[in-house]
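# Analysis of the macromolecular model
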Amino acid sequence: MTRVRRGYTARRRRTKIRLFASSFRGAHSRLTRTITQQKMRALVSAYRDRGRQKRDFRRLWITRINAVTRENEVSYSYSRLIHNLYKRQLLLNRKIPAQIAILNKNCLCIIYKKIIK
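Keep in mind that what you see is a predicted model, and the values were worked out from it rather than measured.

Moving on to the packing of helix α1 (residues 7-20) against helix α2 (residues 32-72). Where α1 meets α2, the axes come as close as 10 Å, and the angle between the chain directions of the two elements is 55°. Taken together, the axes of α1 and α2 lie oblique to each other. In this structure, α1 crosses over α2, and the sense of that crossing is left-handed. Contact residues: α1 offers R14, I17, R18 and F20, while α2 offers T32, I35, T36, K39, A42 and L43. Here the contact of α1 with α2 is built from residues that sort into five nonpolar, two polar and three charged.

Following this line, the structure appears as structure tokens:
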């Protein structure tokens, strides 16, 4: 059986990996073994942090909405607001009221008062 020369295929595979790691520092962008290790590590972190990012933004939106509701109404809270939203069948996600809370607090208060009535 003839010997297979791996030059072209292996070089193409390595350059593809090197392009991925071109922005890494030091040996992490130069040595093939460390490049592959860092690539796997980067992809694992990216996958994990996509879920974490969704969680963090949801927490941020809830905090913003809660702050505005408590600022204007003494006995009103975030949980009561969401409960009333569901009771009225107003399906607003938490991102939109949080943006309204930052840009225009009065508008958010008007919405809440309409929901209560």
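From this point on, the discussion continues.
The next point concerns the state of the cysteines. Applying the stated criterion across every chain, the model contains zero disulfides. No disulfide involves C107; its sulfur sits 9.1 Å from that of C109, the nearest cysteine. On the basis of relative accessible area, C107 is assigned to the partly exposed category, the value being 32%. Among the residues examined, C109 registers a relative accessible area of 12% and is labelled buried.

Summed over the entire model, instances satisfying the criterion amount to three salt bridges. The salt bridge partner of R48 is D49, with a shortest N-O separation of 3.2 Å. Judged by relative accessible area, which is 40%, R48 ranks as partly exposed. Judged by its relative accessible area of 30%, D49 falls in the partly exposed class. Residues participating in the shared-partner salt-bridge network are R48, D49 and R52.

The rules behind each value
- Residues numbered from 1 in each chain as written.
- Predicted model: local features only at pLDDT ≥ 70, side-chain atom pairs only at ≥ 80, totals over all residues.
- Heavy atoms only, no water.
- Axes fitted to C-alpha atoms, helices over the stretch in contact; angles between N-to-C directions.
- Helix = DSSP H or I, 4+ residues; strand = E, 2+ residues; numbered from the N terminus.
- Parallel < 35°, antiparallel > 145°, perpendicular 65-115°, else oblique.
- Left-handed = near helix turned anticlockwise from the far one by under 90°.
- Contact = heavy atoms within 4.5 Å.
- Nonpolar A, V, L, I, M, F, W, Y, C, P; charged D, E, K, R; others polar.
- Disulfide = S-S within 2.5 Å.
- Buried < 20%, exposed > 50% of the residue type's maximum accessible area, 1.4 Å probe, protein only.
- Salt bridge = Lys/Arg side-chain N within 4 Å of Asp/Glu carboxyl O.

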